[in-house]
Amino acid sequence: HPFVDWEVWNEPNLAVYWGGRPNPRRYVRLLRLTRAALDPVDPSARLIIGGIFPPPRARYGVSLRTFLDRLYRVRGARRAFDALAIHPFAGRPKGVIAACREARRLMNRHRDRRTPLWITELGWSTGGTNWGRSPFRATESTQAKYLTRTFRRLIALRRALRLERLVWHAWQDTNVPGAPWTLHMGLLRSDGSPKPSLLAYSRIAG
């Protein structure tokens with residue numbers, strides 16, 4: 001299947017991925033350069049803002065609110081993308097919902113009500129190095145419970161949020177020894193056996 005949607009960059013509001021202090025103006029320029037490259041070969045391709053991470057600590061980047069406020073102030077920014085993706089990781093499901101509501105409010109405030117919202121990373125970690133210090137940790141049973149609660153709530157709110165995509169992160173835990181907790185959010189364990197969250201996901205997905 002050909003690519004039809006292009007999520008440009010990853011969490012551009014975080015310094016670790018942007019390579020320095022995040023710069024919404026330069027990010028819009030990246031979107032425009034991507035559009036210019038895609039249009040001649042696939043005019044129907046859709047460009048997606050690359051997974052804004054809502055709650056970074058101050059030294060790690062800028063907030064969702066700050067990044068979007070500055071991005072929308074760039075002249076013509078709204079024409080540079082077709083959807084906005086966020087990565088609303090949170091300690092509890094209610095934090096996920098709050099981040100999604102905030103993103104939609106910000107988009108609406110900037111007169112961007114028609115642009116859809118995507119969630120392209122969402123999950124809770126069940127292991128890995130430094131798991132005990134992760135703000136997004138859960139036991140396997142809790143991971144399944146959080147998945148069910150969050151997905152059901154987001155599906156119920158999909159019209160109000162204009163939510164178009166919802167992607168769990170990730171399919172399977174890594175099997176790399178000593179890998180960090182960020183790589184242990186899978187529906188499957190590293191050996192391929194299913195966690196309770198796989199059944200929870202299957203029930204919701206139908």
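All residue numbers refer to position in the chain's written sequence, counted from 1. In keeping with the model being predicted, local features are shown solely for residues with a pLDDT of at least 70 and side-chain atom pairs are shown and tallied solely at 80 or more, while totals for entire chains, interfaces and linings include all residues. Note that water and hydrogens are dropped before the side-chain values are worked out from all heavy atoms of the structure.

1. Some points on the pattern of salt bridges
Just to be clear on terms, a salt bridge is a Lys or Arg side-chain nitrogen sitting within 4 Å of an Asp or Glu carboxyl oxygen. Across all of its chains, the model carries eight salt bridges by this definition. A salt bridge links aspartate 5 to arginine 46; the shortest N-O distance between them is 3.1 Å. With a gap of 41 residues between them, aspartate 5 in strand 1 (residues 5-8) and arginine 46 in strand 2 (residues 46-52) connect regions that are remote in the sequence. Think of it in three bands: with a 1.4 Å probe and only protein chains considered, a residue is buried below 20% of the maximum accessible area for its type, exposed above 50%, and partly exposed in between. Among the residues examined, arginine 46 registers a relative accessible area of 23% and is labelled partly exposed. Where salt bridges share partners, they join Asp5, Arg46, Glu164 and Arg165 into one cluster. Comment: elements are numbered from the N terminus, with helices defined as DSSP H or I runs of at least four residues and strands as E runs of at least two.

2. Examining helix 2 (residues 24-38)
In this analysis, the expected span of each helix is defined as 1.5 Å times one less than the number of residues it contains. The terminal C-alpha atoms of helix 2, which comprises 15 residues, lie 21 Å apart, in line with the 21 Å expected from a rise of 1.5 Å per residue. Of all the positions in helix 2, only Pro24, Tyr27, Val28, Leu31, Thr34, Arg35 and Leu38 are classed as buried. Along the axis of helix 2, the buried residues cluster in a sector spanning 115°; they form a single face. Exposed residues pointing more than 90 degrees away from the buried face of helix 2 are listed as Arg25, Arg26, Arg29, Ala36 and Ala37. Of the surrounding secondary structure, the elements contacted by the buried residues of helix 2 are strand 1, helix 1 (15-18), strand 2 and helix 3 (64-73). The backbone nitrogen of arginine 25 lies 3.1 Å from a side-chain oxygen of the residue at the head of helix 2, namely asparagine 23. The directions considered for the arc run from the helix axis to the C-beta atoms. Throughout, a residue-residue contact means that at least one pair of heavy atoms, one from each residue, lies within 4.5 Å. N or O atoms closer than or at 3.5 Å make up a polar contact, with two conditions inside protein: a donor-capable atom paired with an acceptor-capable one, and, for residues adjacent in sequence, both atoms drawn from side chains.

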